[in-house]
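As a plain string of letters, each chain reads:
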Amino acid sequence: MTEKILKIAKKVISTEIEGLQVLSKNINDSFLRSIKILGKTKGKIIVTGVGKSGIIAKKIASTLASTGSPAQFIHSTEASHGDLGMINGKDTILAITFSGKTIELNDIFMYSKENKIPLIIITGKINSNLKNVSTVCIEISNLKEACPLELAPTTSTTAMIVLGDAIAISLMTSKKFTKKEFYSYHPGGQLG
């Protein structure tokens, strides 16, 4: 039993590493356009999503904020119930939806379009609706989930976190964010 568990664990890790290699090969002009838009954002980067994508969105918002790009997570369902008021024309929305069909994001998508707020979507499956509503779509596709049922988000969520880190660090570097600034945002814990 012990050997079987170790074999499963190693298979999960190798599958997710392969997914990150696919992601790396697919970084392209959409990523560059997104960095350009996010770098020019005068307000906040509003990061949103639902389910596992929402959890990833919270992490991305936190990393962005701590590395010099003001960001805030807004749960897309809560956005439909008044939290859209937290978003203004100086902001940019970064939406995470692996399926590309998350209906809970529709209201925030329409709000973005109606108010001419830039919308960047990270998705596993670009469709015509996402192309029509977004400013830029970054597609994370051709990933094999590590789940043997191909159902539980595993490789896809790892790829989203890594892509979020790539966005944050690209912005941090382009803004010439310093160690001193970093420490000023981290007064507690070992970093502080």
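Considerations on the overall build of the protein
Link 1 in the chain: Across its full length, the protein carries eight helices and five strands.
Link 2 in the chain: Viewed in the frame of its principal axes, the protein has a C-alpha envelope of about 55 × 45 × 30 Å.
Link 3 in the chain: Sorting the 192 residues of the protein into buried and exposed places 42% on the buried side.
Link 4 in the chain: Within the protein, counting contacts between residues at least 6 apart in sequence, those at least 24 apart form 69% of the total.
Link 5 in the chain: For the protein, the exposed area adds up to about 10,800 Å²; of that, 58% sits on carbon and sulfur atoms.

Some details on helix H7 (residues 155-174)
Link 1 in the chain: With 20 residues, H7 ought to run about 28 Å at 1.5 Å a step, and its terminal C-alpha atoms sit 28 Å apart, in line with that.
Link 2 in the chain: Every buried residue of H7 is listed here: Thr155, Ser156, Thr157, Ala159, Met160, Leu163, Gly164, Ile167, Ala168 and Leu171.
Link 3 in the chain: One or two positions beyond H7, positive phi appears at Lys176, with a value near 55 degrees.

Some points on the pairing of strand S3 (residues 92-97)
Link 1 in the chain: Among the six residues that make up S3, six are buried, leaving the element largely enclosed by the rest of the structure.
Link 2 in the chain: Burial of S3 is two-sided: the residues Thr92, Leu94 and Ile96 facing one way and the residues Ile93, Ala95 and Thr97 facing the other way are all buried.
Link 3 in the chain: Judged from the five bridges that link them, strand S1 (residues 45-49) and S3 form a sheet pairing that is parallel. Across the sheet, Val47 pairs through a bridge with Leu94, a residue of S3.
Link 4 in the chain: In the sheet, S3 pairs with strand S4 (residues 119-123) via five bridges, with the strands oriented parallel. Bridging from a neighbouring strand, Leu94 pairs with Ile120 of S4.

A look at the side chain of Glu16
Link 1 in the chain: Relative to the helices and strands, Glu16 is located in helix H1 (residues 2-25).
Link 2 in the chain: Those residues in contact with Glu16, other than ones at most four positions away along the chain, are Ala146, Thr154, Thr155 and Thr158.

Considerations on unusual backbone geometry
Link 1 in the chain: For Lys116, which is not glycine, the phi dihedral falls at a positive 55 degrees.
Link 2 in the chain: Mapping Lys116 onto the fold places it in the loop between helix H5 (106-114) and S4.
Link 3 in the chain: Residue class for Lys116 comes out exposed when judged on its relative accessible area of 72%.
Link 4 in the chain: Phi is positive for Glu150, close to 60 degrees, though the residue is something other than glycine.
Link 5 in the chain: Tracing the sequence through the fold places Glu150 in the loop between strand S5 (136-139) and H7.

A closer look at the sheet that holds S4
Link 1 in the chain: Pairing is parallel across the open sheet formed by five strands, whose spatial order is S2-S1-S3-S4-S5. Of all strands in the sheet, those bounded by a partner on one side alone are strand S2 (71-73) and S5. Pairwise comparison of adjacent strand axes, ignoring direction, gives a mean angle of 20 degrees for this sheet.
Link 2 in the chain: Sheet topology note: the S4/S5 ladder contains four bridges and is parallel. Within S5, the residue paired with Thr123 across the bridge is Glu139.
Link 3 in the chain: Set on the sheet, helix H3 (residues 52-66) makes contact with S1, S2 and S3; between it and S1 the angle comes to about 160 degrees.

Re the layout of surface pockets
Link 1 in the chain: Put simply, the largest pocket is a space of about 190 Å³.
Link 2 in the chain: Surrounding the largest pocket, 16 residues form its lining, Ser53, Thr97, Phe98, Ser99 and Pro153 being those nearest its centre.
Link 3 in the chain: Of all elements in the fold, only H3, S3 and H7 reach the threshold of two or more residues within the lining of the largest pocket.
Link 4 in the chain: Ranked by the residues each element gives to the lining of the largest pocket, the list is headed by H7, at three residues.
Link 5 in the chain: Residues of the lining of the largest pocket, tallied by class, amount to seven nonpolar, seven polar and two charged.

Parameters and conventions
Residues numbered from 1 in each chain as written. Predicted model: local features only at pLDDT ≥ 70, side-chain atom pairs only at ≥ 80, totals over all residues. Heavy atoms only, no water. Helix = DSSP H or I, 4+ residues; strand = E, 2+ residues; numbered from the N terminus. Buried < 20%, exposed > 50% of the residue type's maximum accessible area, 1.4 Å probe, protein only. Contact = heavy atoms within 4.5 Å. Areas by Shrake-Rupley, 256 points an atom, 1.4 Å probe, with all protein chains shown as cover. Expected span 1.5 Å × (residues − 1). Pairing = 2+ DSSP bridges. Axes fitted to C-alpha atoms, helices over the stretch in contact; angles between N-to-C directions. 1 Å grid on protein atoms, 1.4 Å probe; cavity = no way out; pocket = protein on both sides within 12 Å on 5 of 7 lines; lining within 4 Å. Points joined across faces, edges and corners; volume = space filled by probe spheres on them. Nonpolar A, V, L, I, M, F, W, Y, C, P; charged D, E, K, R; others polar.

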